[in-house]
Amino acid sequence: MANLERNNKILLDLTRQPWNNTCADCGAPEPDWASYTLCVFLCVNCSGLHRNLPSVSRVKSIRLDNWKDSLVEAMRQRGNFVAKATYEKCVPAFIYQPRQRDCVVLKDQWIRAKYERREFTGEKGYFLQSYGADTIEATLWKKGKNNKQFHKRIFLLSHNDFTLRYFTKAGSRVPKAVISMKELNAVFQPEKIGHRHGLQITYLQDARTRNIFVYHENGQVIVSFFTAIRATRLAYLQKKHPTLRHTELIPQITRDCLIEGYMEKTGPMQWEPFKKRWFTLCSINRKLLYYKSPLDAIELGAVFIGTESHGYSVSIGGRRCSQGGRWHRVITLQTPGRQFVFTCEQEQVQQEWLEAFSKVIGQPMTPEDYANEASFRRCK
């Protein structure tokens, strides 16, 4: 018992050291599990994913399980820093490295890529072979534009002209759509789409935001497709901005929305009935988009959000002049051209939206933001 307590205490002390104080795979704080074969400290969620790789990784609780002296010494000698130098030696800039709150398929494939397939050790030239091709093809299940059914579609990603095409039939020469990398975004949305591997692709066409919802039953296939999109987007951004560094381009490759969910809104005169709409706010492009439902293919409308010095502000409360509407927690968004009034169902939701709006308004605008604002006003 004394030996057990001593070894557990040593392991806990190791998790307080830099590099070991976060999960080796998702960065979650205070890891309390470890892989004793890989000598990395893990959070409980990532330890569960490691259990799916018994030939590569074996895990124990650093608090509850019995640790032999030899295993503790191995953890002391190696740990997260040494493992990172080995298994993340050659991670390309376009690879998405999951965080604590990311979906399971992203974390699972990151772990498998690192330890099972050893893609980032520099041993196999894996990415030159997989993502260096002029075109990359994938067959995915895509949601229909006007219904909930998913249909098999062929997607073709091109490095030559920076486009994503998709076809309704094998062998077809005419694509259903040709999507430019210029404004394309891709983000995993398993809960929204209703599939654990659900991916949302967003792009601009005729000045309106459009969505494609896809999935594949194989987690490696869908994450590889997502990675191929990121590789192509990075190549496009490097060509567009040759003087910018990778650290400046990486946040622009793909981006999560800052917040999304239902609110009610009224019309420009503020006497129209409130209508329930699905809203999405992105801090990168400074746009608030709204839809009738979360899986709509095309936006109903959009609002560009600038800075306070340019006439944008947000506040809680305001007059609810219009009739109808079930929710009463009001948010008022002021822009140079119009005042928008939204209502939220709960106070917590109201506060979350207020903080999100305030964050975007507080961000300094870039030259590209000014250009986007001008283009947005012209289209309106």
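Structural data are supplied above this passage.
Being a predicted model, the structure only gives us computed values, none of them experimental.

Calculation criteria
Residues numbered from 1 in each chain as written. Predicted model: local features only at pLDDT ≥ 70, side-chain atom pairs only at ≥ 80, totals over all residues. Heavy atoms only, no water. Pairing = 2+ DSSP bridges. Helix = DSSP H or I, 4+ residues; strand = E, 2+ residues; numbered from the N terminus. Axes fitted to C-alpha atoms, helices over the stretch in contact; angles between N-to-C directions. Buried < 20%, exposed > 50% of the residue type's maximum accessible area, 1.4 Å probe, protein only. Core = buried A, V, L, I, M, F, W, Y, C linked by side-chain atoms within 4.5 Å. Contact = heavy atoms within 4.5 Å. Parallel < 35°, antiparallel > 145°, perpendicular 65-115°, else oblique. Left-handed = near helix turned anticlockwise from the far one by under 90°. Nonpolar A, V, L, I, M, F, W, Y, C, P; charged D, E, K, R; others polar. Expected span 1.5 Å × (residues − 1). Arc of directions from axis to C-beta.

Peer 1: Tell me about the sheet that holds strand E11 (residues 259-265), residues and numbers included.
Peer 2: Sheets are built from strands paired through backbone hydrogen bonds, the pairs being either parallel or antiparallel. Strand order in the open sheet made by the 7 strands is E14-E13-E12-E11-E17-E16-E15, with antiparallel pairing throughout. The open sheet is flanked by strand E14 (301-304) and strand E15 (313-316), the only strands paired with a single partner. For this sheet, the mean inter-axis angle between neighbouring strands, taken without regard to orientation, is 35°.

Peer 1: Tell me about the pairing of strand E9 (residues 199-205), residues and numbers included.
Peer 2: Among the 7 residues that make up E9, 5 are buried, leaving the element largely enclosed by the rest of the structure. Direction of pairing for strand E8 (residues 185-188) relative to E9: antiparallel, over a ladder of 4 bridges. Pairing of Asn185 across the sheet is with Thr202, part of E9. Taken together, the 7 bridges between E9 and strand E10 (residues 208-215) define a ladder with antiparallel strand orientation. In the strand pairing of E10, Thr202 is matched with Asn211. Taking the residues between adjacent antiparallel strands as the criterion, E9 and E10 are bridged by 2 residues, where Asp206 takes a positive phi near 55°.

Peer 1: Which residues make up the nonpolar core, and what values do they have?
Peer 2: Grouped together as the largest cluster of nonpolar side chains are 41 residues, with contacts concentrated most on Leu164, Phe188, Leu199, Ile201 and Phe225. Residue contributions to this core peak at 10 residues, all from helix H8 (residues 219-240). Once residues within four sequence positions are removed from consideration, Leu199 is found in contact with Ala186, Val187, Phe188, Gln189, Ile193, Ile212, Phe213, Val214, Ile222, Phe225 and Phe226. Residues Trp278, Phe304, Ala356 and Val360 belong to the second largest nonpolar core, which totals 28 residues.

Peer 1: Account for unusual backbone geometry, with residues named and values stated.
Peer 2: Of note, the phi angle at Trp19 is positive, near 80°, even though the residue is not glycine. The topology assignment puts Trp19 in the loop between helix H1 (2-14) and strand E1 (33-35). Exposure remark for Trp19: the relative accessible area of 43% places this residue in the partly exposed category. For Arg118, which is not a glycine, the phi torsion comes out positive at approximately 50°. With respect to the helices, strands and loops of the structure, Arg118 is situated in the loop between helix H5 (104-116) and helix H6 (126-130). Judged by its relative accessible area of 28%, Arg118 is partly exposed.

Peer 1: Describe the environment of Phe120, and please don't skip the residues or the numbers.
Peer 2: Counting through the fold element by element, Phe120 comes out in the loop between H5 and H6. Note: C-alpha distance between Phe120 and Gly267 (147 residues apart in sequence) is 52 Å.

Peer 1: Lay out the packing of H8 against helix H9 (residues 246-253) in plain terms, naming residues and giving numbers.
Peer 2: At a minimum axis distance of 10 Å, the contact between H8 and H9 shows a crossing angle of 130°. Classified by the angle between their axes, H8 and H9 sit oblique to one another. For H8 against H9, the interelement crossing comes out right-handed. Along the contact surface, H8 presents Arg230, Arg233, Leu234, Leu237 and Gln238, while H9 presents His246, Leu249, Ile250, Gln252 and Ile253. Its residues assigned to classes, the contact of H8 with H9 comprises 5 nonpolar, 3 polar and 2 charged.

Peer 1: Outline the environment of Phe279, listing residues and values.
Peer 2: Relative to the helices and strands, Phe279 is located in strand E12 (residues 275-282). Along the sequence, Phe279 and Thr86 sit 193 residues apart, while their C-alpha atoms lie 43 Å from each other. Every residue in contact with Phe279, bar those within four places of it in the chain, is listed here: Ile259, Glu260, Gly261, Met263, Lys265, Leu288, Leu289, Tyr290, Phe342 and Trp353.

Peer 1: Which residues make up the packing of H5 against H8, and what values do they have?
Peer 2: The geometry of H5 relative to H8 is characterised by a closest axis approach of 10 Å and an angle of 90° between their N-to-C directions. Taken together, H5 and H8 sit at an angle that is classed as roughly perpendicular. Residues Val105, Leu106 and Gln109 of H5 form the contact with H8, whose participating residues are Gly219, Gln220, Ile222, Val223 and Phe226. Of the residues belonging to the contact of H5 with H8, the class tally is 5 nonpolar, 3 polar and no charged.

Peer 1: Describe the sheet that holds E9, and please don't skip the residues or the numbers.
Peer 2: Read from one edge to the other, the open sheet built from 7 strands follows the order E7-E6-E5-E4-E10-E9-E8, with strand pairing classed as antiparallel. Edge positions in the sheet fall to strand E7 (177-180) and E8, since each of these pairs with one other strand and no more. In this sheet, adjacent strand axes meet at a mean angle of 35° when their direction is disregarded. Pairing between strand E4 (residues 135-143) and E10: 2 bridges, direction antiparallel. In the sheet register, Lys142 faces E10, and the bridge partner there is Val214.

Peer 1: Give a description of helix H10 (residues 347-362) that names residues and reports values.
Peer 2: Taking 1.5 Å as the rise per residue, H10 with 16 residues should run 22 Å; its terminal C-alpha atoms sit 22 Å apart, in good agreement. Every buried residue of H10 is listed here: Gln350, Trp353, Leu354, Ala356, Phe357, Val360 and Ile361. Across the axial projection of H10, the buried residues extend over an arc of 165°, all falling on one side. Seen from the open side of H10, the exposed residues pointing more than 90 degrees away from its buried face are Glu347, Gln348 and Gly362. Packed against the buried residues of H10 are E11, E12, strand E13 (287-291), E15, strand E16 (329-334) and strand E17 (339-344).

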